[in-house]
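A closer look at the structure
Now for the letters of each chain:
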Amino acid sequence: MRSLHVEGTGWLYRLSPRIKLASLALFSIGLFLTRDLTILCAATLLAAFVLWQADLGFRETIARLKPVLVTIAIIAAISFLVISPLDATIALLRLAALTLLATAITASVSISQFMDEIAYALRPLEKLGLANAADVGLAVGLVVRFVPEIIKRHEALRDAQRARGLETKLHSILIPLVILTLKDADAIAEAIDARGFRGQTSSADIIRGEKRHEDP
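Below is a short write-up of the structure. (Residues numbered from 1 in each chain as written. Predicted model: local features only at pLDDT ≥ 70, side-chain atom pairs only at ≥ 80, totals over all residues. Heavy atoms only, no water.)

**A look at the environment of threonine 9**
Filter applied, for reference: Starting at the N terminus, helices and strands are each numbered in turn, a helix being any DSSP run of H or I of at least four residues and a strand any DSSP run of E of at least two.
Counting through the fold element by element, threonine 9 comes out in the segment before helix 1 (11-14). Remark: the alpha-carbon pair of threonine 9 and serine 108, spanning 99 residues in sequence, is separated by 9.6 Å.

Here you go:
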């Protein structure tokens, strides 16, 4: 599987993953607590600057942002039709700022780090017997790992249909995409159970084991 994380040496990569994830959460909350256009514009520029510091390169940045920005553009277009221009602009700036910063954080935090932080945050619930922190972290981490792979397969199925001169339709891509994804999920679940990874407190070994399963 391709990972959304990239290696880097800049200040963004040297920050603690906990600080970055906490900052993203606070940034998100702050966006929805204000309606000031000046503040929202400044937040969007700040998020764009942080993303620039991730050193993804122009093409990679566009490739990552394109699917989300298309969705945001559609939402914005509908918003301008059904609500006031001010409210639509506020919604657009909020989504844009959140998308830019989330992309930067995703690129600079590895899956194992992300899983460890999820597990750490859920430890109080684990002590109360309400959740298994390591298992929840593993589940969330695998979902994140699957995202780029699903996108890659969607593109491959779409290109295959176009190469055959077939009209690209949602149902003709969705069904094989779901089947392939479920097969991968079953294979990874079997590998996890076979290696006894469930219930571990560290996610680093889980990720390494999952990579060994993918790369024979």
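Here the narrative resumes.
**Looking at the environment of phenylalanine 80**
Definition in use: Accessibility here uses a 1.4 Å probe with only protein chains present; expressed as a share of the type maximum, an area under 20% marks a residue as buried, one over 50% as exposed, and anything in between as partly exposed. Contacts are assigned to residue pairs with any non-hydrogen atoms lying within 4.5 Å of each other.
Summarising the element assignment, phenylalanine 80 is placed in helix 4 (residues 58-82). Taking the relative accessible area as the measure of exposure, phenylalanine 80 reaches 38% and is therefore partly exposed. As for phenylalanine 80 and leucine 92, which are separated by 12 residues in sequence, their C-alpha atoms are 9.8 Å apart. The residues touching phenylalanine 80, leaving out its near neighbours within four places in the chain, are Pro85, Ala88 and Thr89.

**What about the layout of surface pockets?**
So the rule is basically this: Only protein atoms enter the 1 Å grid used here, on which a cavity is any set of points holding a 1.4 Å probe that cannot leave and a pocket is any open set flanked by protein within 12 Å on both sides along at least five of seven lines; residues with an atom within 4 Å of a point are listed as lining. Grid points are joined across faces, edges and corners, and a volume is the space filled by probe spheres set on the points. Here the term charged refers only to Asp, Glu, Lys and Arg, the term nonpolar to Ala, Val, Leu, Ile, Met, Phe, Trp, Tyr, Cys and Pro, and the term polar to all other amino acids, Gly among them.
What the second largest pocket holds in volume is close to 180 Å³. Along its surface, the second largest pocket is lined by 13 residues, and Ser23, Leu24, Val50, Leu101 and Ile105 are the ones closest to its centre. At the level of secondary structure, the elements contributing two or more residues to the lining of the second largest pocket comprise helix 1, helix 2 (17-31), helix 3 (37-53) and helix 5 (85-108). Of the residues forming the lining of the second largest pocket, the biggest block, 5 residues, is contributed by helix 2. When the residues that make up the lining of the second largest pocket are grouped by side-chain class, the tally is 11 nonpolar, 1 polar and 1 charged.

**Points about unusual backbone geometry**
Positioned with a positive phi, aspartate 55 is a non-glycine residue whose angle comes to about 55°. According to the relative accessible area criterion, aspartate 55 is exposed, its value standing at 62%.

**Looking at the nonpolar core**
Heads up, the rule is: We call a set of buried Ala, Val, Leu, Ile, Met, Phe, Trp, Tyr and Cys residues a nonpolar core when their side-chain atoms join them within 4.5 Å.
Counting 22 residues, the largest nonpolar core has Leu12, Phe27, Leu31, Leu51 and Leu101 as its most contacted members. The biggest single contributor to this core is helix 5, with 8 residues.

**A few points about the side chain of glutamate 117**
Note on placement: glutamate 117 falls in helix 6 (residues 111-121). Given the relative accessible area of 15%, glutamate 117 is considered buried. Those residues in contact with glutamate 117 that sit more than four places away from it in its chain are Pro17, Arg18 and Leu21.

**Some points on the packing of helix 4 against helix 5**
Note the threshold: Between N-to-C directions, angles span 0 to 180 degrees; the directions come from axes that are lines fitted to C-alpha atoms, helices contributing only their stretch in contact. Should an angle fall under 35 degrees it is called roughly parallel, over 145 degrees roughly antiparallel, and 65 to 115 degrees roughly perpendicular, with every other angle called oblique.
Across the interface, helix 4 lies against helix 5 with an axial gap of 9 Å and an inter-helix angle of 170°. Considering their axes alone, helix 4 and helix 5 lie roughly antiparallel with respect to each other. Taken together, the residues of helix 5 that come into contact with helix 4 (itself represented by Arg64, Leu65, Val68, Ile72, Ile75, Ala76, Ser79 and Phe80) are Pro85, Ala88, Thr89, Leu92, Leu95, Ala96, Thr99, Leu100, Thr103 and Ala107. A class-by-class count of the residues in the contact of helix 4 with helix 5 yields 13 nonpolar, 4 polar and 1 charged.

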